[in-house]
Amino acid sequence: MTQTINVTLKIWRQNGPKEKGRFETFNAENISTDMSFLEMLDVVNEQLTRNGKIPIAFDHDCREGICGTCGAVINGRPHGPEKATTLCQLHMRKFKNGDTIAIEPFRAMAFRVIRDLVIDRSPLDEIIQAGGYISANTGGAPDANAIPIPQQTAETAMDAAACIGCGACVASCPNASAMLFTGAKISQLALLPQGRPEAAERAISMVRRMDRLGFGNCSNERECEAECPKEISITHIARMNREFLKASFFSSVK
Amino acid sequence: MNWFINSLGSSIGKKLMMAITGLSFCGFLMAHLAGNLTLYGGRDAFNAYAEHLHSLGILLNFAEIGLLSLALIHILTGLYLFWQNFRSRPVRYAVNKSAGGRTIGSVTMPYTGVFLICFVVFHLLNFHFVDKTQTTIYDIVDTAFSNLPYTLIYILAMVIVAIHVSHGLWSAFQTIGANHLKYMPFVQVASIVLALVFAIGFGFLPIYIAFNL
Ligand code: FES
């Protein structure tokens, strides 16, 4: 039997990047506990549209926790209170009838609010553009498994590669630092032989780009790894630090 | 030289400076504590230790300059990081909630840091920049701690040192990239243990002196 609950939403509304934002209160009634958080917002938006009001803008795409498009801060927690879940995978059964839920966009100087809960996450793309790739000059396709990679290493690289780039690490960091994101991206390539040739250049240029974009500095608060929907560990930040220090002080890359 | 400035000036470079200077201070505090333990040996033991230390002459001056430079790097970098981090989120959250990563040590790091700068100045004025021709260092310490407010300030400062170290030590290891599956749990426990050693080791001395135990 489906249960329904009523909740009060305090949602951040902001008309544009330069506008002043404010909280608006909405009542979401008869919400099925089987709904996802975004489906609940859909219900509220339909109501708003029917009443001739402007719906709440929020980002979403896959709605199955793999694309990294969704995300908002729910009662102070990026992607809501549940561990290892994106906002689209959070269910209303995690809330109680009568709850008041504060919904804010991911906040950081580097993330502009475009509208309401929609933010501009392109600074994360810029970090990738600075070196989060390998250069593969085309030619005959190499044999699969021609380079042996220990299972353990492949797993660790895969753990880092699980990052969906949602930005929850930045949102949860008391310093709005992007080190978990950058650390994961540098790690996933640093661990594999294919990533080694460009490792020094990559570490230096990705870290410098990250710094220029206005993210804060990591102070090892560990909030990011606790909030990351993919549970990426700060050991990847340590690996980035290692890669960066090695590249800075022991490689010929300037 | 440009590459050097650029590397140290980066976010990771600044953290590296905090880590290395911080680790040096942990080392200094251990040596300082070892020396101070001679207070339990009474007036002669402590005065002998002080005399021995001062007989190092010029070496001691070098050590002092070294410590002062480390302090300047640690303080200035720390303040700059604090300001940058403050600036990186111009619109704050209305609701703040921890997911369980933060500790009292990590949350209070900049504040305990600023408190400690003030304390170090106070401490040097008490025991370092004083005329020691008419008296011995033991007597200075003895008089200072017969004053209750002094005793309390010192005990409080030692609790704060412990809080600062509890986050600082493991954090320094993480920063220099020494986060190892096998050793990190040990480093984290060691941070708490060292914090307790400082709190109890230093913190009990004023009590011992004040109550003439
Ligand atoms: S919408 Fe794709 S992860 Fe949530």
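Up top you'll find the structure we're talking about.
Calculation criteria
Residues numbered from 1 in each chain as written. Chains lettered and ligands numbered in written order. Predicted model: local features only at pLDDT ≥ 70, side-chain atom pairs only at ≥ 80, totals over all residues. Heavy atoms only, no water. Pairing = 2+ DSSP bridges. Helix = DSSP H or I, 4+ residues; strand = E, 2+ residues; numbered from the N terminus. Phe/Tyr/Trp six-rings, centres within 6.5 Å; stacked < 30°, edge-to-face > 60°. Buried < 20%, exposed > 50% of the residue type's maximum accessible area, 1.4 Å probe, protein only. Lys NZ or Arg CZ within 6 Å of the ring centre and 35° of its normal.

1. Some points on the pairing of strand 1 (residues 4-13) of chain A
All names here are of chain A.
Argument step 1. Where strand 1 lies against strand 2 (residues 22-32), nine bridges are found, and the strand directions are antiparallel. Residue Ile 5 lies in a different strand from strand 2, and its bridge partner there is Ile 31.
Argument step 2. Relative to strand 5 (residues 100-104), strand 1 runs parallel, the two sharing four bridges. Paired with Lys 10 across the strands is Ala 102, a residue of strand 5.

2. A few points about the packing of aromatic side chains
One pair of aromatic rings is described through two measures. These are the centre distance and the angle between the planes.
Argument step 1. Per the counting criterion, the structure on display carries 18 aromatic pairs over all chains.
Argument step 2. Ring plane angle 65 degrees and centroid distance 6.5 Å describe the contact between Phe 46 of chain B and Tyr 138 of chain B, whose orientation is recorded as edge-to-face. Residue Phe 46 of chain B is located in helix 3 (residues 43-54), and its partner Tyr 138 of chain B is located in helix 6 (residues 137-144); the two are separated by 92 residues in the primary sequence.
Argument step 3. With a centroid separation of 5.9 Å and 85 degrees between ring planes, the pair formed by Phe 82 of chain B and Tyr 111 of chain B is classed as edge-to-face. One end of the pair, Phe 82 of chain B, is in helix 4 (residues 58-87); the other, Tyr 111 of chain B, is in helix 5 (residues 104-127), and 29 residues separate them in sequence.
Argument step 4. Since its relative accessible area comes to 34%, Phe 82 of chain B is described here as partly exposed.
Argument step 5. Members of the aromatic cluster, joined through ring pairs, are Phe 119, Phe 122, Phe 127, Phe 145, Tyr 150 and Tyr 154 of chain B.
Argument step 6. The cationic tip of Arg 107 of chain A hangs over the ring face of Trp 12 of chain A; the distance from NZ or CZ to the ring centre is 4.1 Å.

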